[in-house]
Amino acid sequence: MSELGFSTRAVHAGFDPDPHTGAVNVPIYASSTFAQDGVGGLRGGFEYARTGNPTRAALEANLAALESGRHGRAFASGMAATDCALRATLRPGDHIVIPDDAYGGTFRLIDKVFRHWGIDHSPAAVSSVDEIRAAIRPNTKLVWIETPTNPLLNIGDIPALAEVAHAAGAKLVVDNTFATPYLQQPLELGADIVVHSTTKYLGGHSDVIGGALITNDPELDAAFAFLQNGAGAVPGPFDAFLTLRGIKTLGVRMDRHCDNAETLVEFLSRQPAVSQVIYPGLPEHPGRAVAETQMRRFGGMVSVRLHGDVEAARKFCARTEVFTLAESLGGVESLIEHPAAMTHASTEGSRLEVPADLVRLSVGIEDVGDLLADLEQALS
Ligand SMILES: *Cc1c(COP(=O)(O)O)cnc(C)c1O
C-alpha cells in the first residue's frame, strides 16, 4: 500500500470490506479466544487475544502503512509502547541518550524505573547533533529523540542523528507523536523505530488511550511482538477500533490544526503580554530550516512565554473559555496547559525542567475566529 497517497492509506490500509457481510469497517472483535479446527488449527491466525485480535491487527497494519513501515504493533498506551521499545532493546549496563526536554512520562520511566534495572541515561539537546554525539558512550544502545520536542518544540535533524547513532552502533528511536506520520516520516529519514502515543493526533478525538511501535526491522518487530504478548500491555478491540476510526481523518485534521496554529502564531507574535512565541514555522525559530526539510508543515502545537512569570501563565490558563485547561494534546478541541505544574511537573529540579512562564497550546480544529477571540480576552 505504500505507493498510495497518505490519506488513501489512512482510510483503507489494514482492512478490506468484509467478504461475508460487506462491512466497510473492521468489526470490534470482542473475543478473547478463537476456536481451533483440531489442536493448533487456527482459522484466521488468531488463538488468544493478548497475542492477537483481528481489530488490533487491522490497526497495526494501518499504523505500519501510515509510517511507510513494514511492521506495526499497537499498545495500551504510549507509555506501554515506550516501555516495550526500551525493554526490547536495552540490557543492564546499557546507556541511552534522551532529549533534555523529553516528554515528562518518558523521562520519568527512564529516570525512575529503568535506572533501577541498570540502564543509564544522558540528556542532550536534540537540536544539536554535536551535543547528541558527545553524549554517546561506548555502551549507548539507543538514541531516543522527539521532534518537535514537548513542550519547547525544538527540532532534531533526523537523518543527521540517524547517522550519528548508527556510527556508534546504536539505534535511533523517534517519538513521532507531535508531528504525526502525515507531517513527518522518520523511518524514511533513517530512524530505526517510530513510537507514538496514538492517544494524541492519531486517535484525534481525546476519547482513547493508545500507543504504537513501527519498524522496518523484522528482528526488532519480533522482539516487540514477544514482549507485547509476554508482558501483555495490549489495547482492547474497542480501543483499536476507535483509534482506527480517528486515523481515517488524520490528513484533513492535521491541515486544519496547522492552518489554525499558523493564524494564532501570527496573532500571538503581536501581543505585548507575550515575551516569546515558540513555533517551528517561525523564521526566527532555530530549527526552522531543518523542520522545512523533514516536515510537510509545522504542526498544531504552539508554546508561548509570558511577561509576568508563573502568575501570568497561570492566569492565562485559567481565563480561556474555548481552550480547555487540560493535559494532553492532539484532539479536535483546543487545549491549554501550564507544563511546569502539569505535564512536566516530574522534571522539576532536573535538567529537563521547563520555564515557569511557559504555556502550551494544542490548537484544535474549531473556527479560528473563535480561538483568536478567546486568546485575546484571556490575555487582556
Ligand atoms: C502523551 C505522550 C506520550 C505518552 O503517551 P500515553 O498515551 O499518554 O501513554 C509519549 N510521548 C509523547 C510525545 C506524548 O505526547
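Residues numbered from 1 in each chain as written. Predicted model: local features only at pLDDT ≥ 70, side-chain atom pairs only at ≥ 80, totals over all residues. Heavy atoms only, no water.

Caption draft 1: Inspection of the pattern of salt bridges at higher detail. Counted according to the given criterion, the structure contains 17 salt bridges. As a salt-bridge pair, R43 and D37 come within 2.9 Å of each other at their nearest N and O atoms. One salt bridge in this structure joins D221 and R73, with 2.9 Å as the shortest N-O distance. Residue D221 is found in helix α8 (residues 218–231), and its partner R73 is found in strand β1 (residues 71–75); the two are separated by 148 residues along the sequence. The burial state of D221 is the same as that of R73; both residues are buried. Each of D255, D259, E262 and R297 takes part in one network of salt bridges that share partners. (Salt bridge = Lys/Arg side-chain N within 4 Å of Asp/Glu carboxyl O. Helix = DSSP H or I, 4+ residues; strand = E, 2+ residues; numbered from the N terminus. Buried < 20%, exposed > 50% of the residue type's maximum accessible area, 1.4 Å probe, protein only.)

Caption draft 2: Here's a closer look at the site of the ligand. In the vicinity of the ligand, the contacting residues are S77, G78, M79, Y103, D175, T177, F178, S197, T199, K200, G210 and L329. Within the backbone of M79, a nitrogen or oxygen atom sits 2.8 Å from an oxygen atom of the ligand. The contact in question runs from an oxygen atom of the ligand to an N or O atom on the side chain of K200, over 2.7 Å. When isolated, the ligand has an accessible area of 380 Å², and the protein chains bury 93% of it. Tallied by class, residues from the shell around the ligand come to 4 nonpolar, 6 polar and 2 charged. (Near = heavy atom within 4 Å. Polar contact = N/O pair within 3.5 Å; in protein donor to acceptor, adjacent residues only side chain to side chain. Areas by Shrake-Rupley, 256 points an atom, 1.4 Å probe, with all protein chains shown as cover. Nonpolar A, V, L, I, M, F, W, Y, C, P; charged D, E, K, R; others polar.)

Caption draft 3: Layout of the packing of aromatic side chains. A full pass over the atoms with the stated rule returns 3 aromatic pairs. For the pair Y279 and F298, a centre-to-centre distance of 6.5 Å together with 75 degrees between the ring planes defines the contact as edge-to-face. With a gap of 19 residues between them, Y279 in the loop between β8 (274–278) and α11 (288–294) and F298 in the loop between α11 and β9 (301–306) connect regions that are remote in the sequence. Owing to a relative accessible area of 2%, Y279 belongs among the buried residues under this scheme. Given a relative accessible area of 14%, F298 falls into the buried group. (Phe/Tyr/Trp six-rings, centres within 6.5 Å; stacked < 30°, edge-to-face > 60°.)

Caption draft 4: Structural context of the packing of helix α3 (residues 78–89) against helix α4 (residues 104–113). Between α3 and α4, the shortest axis-to-axis distance is 10 Å and the interhelical angle comes to 40 degrees. In terms of axis orientation, α3 runs oblique to α4. The handedness of the crossing between α3 and α4 is right-handed. For the pair formed by α3 and α4, the contact residues are M79, T82, D83 and L86 on the first element and G105, T106, L109 and I110 on the second. Looking at the contact of α3 with α4 residue by residue, the class counts come to 4 nonpolar, 3 polar and 1 charged. (Axes fitted to C-alpha atoms, helices over the stretch in contact; angles between N-to-C directions. Parallel < 35°, antiparallel > 145°, perpendicular 65-115°, else oblique. Left-handed = near helix turned anticlockwise from the far one by under 90°. Contact = heavy atoms within 4.5 Å.)

Caption draft 5: Spatial organisation of the side chain of S122. Inspection of the secondary structure puts S122 in strand β3 (residues 120–124). The contacts of S122, once residues within four sequence positions are left out, are H95, I96, V97, I98, A135 and R137.

Coordinates in, geometry out; function isn't part of it.
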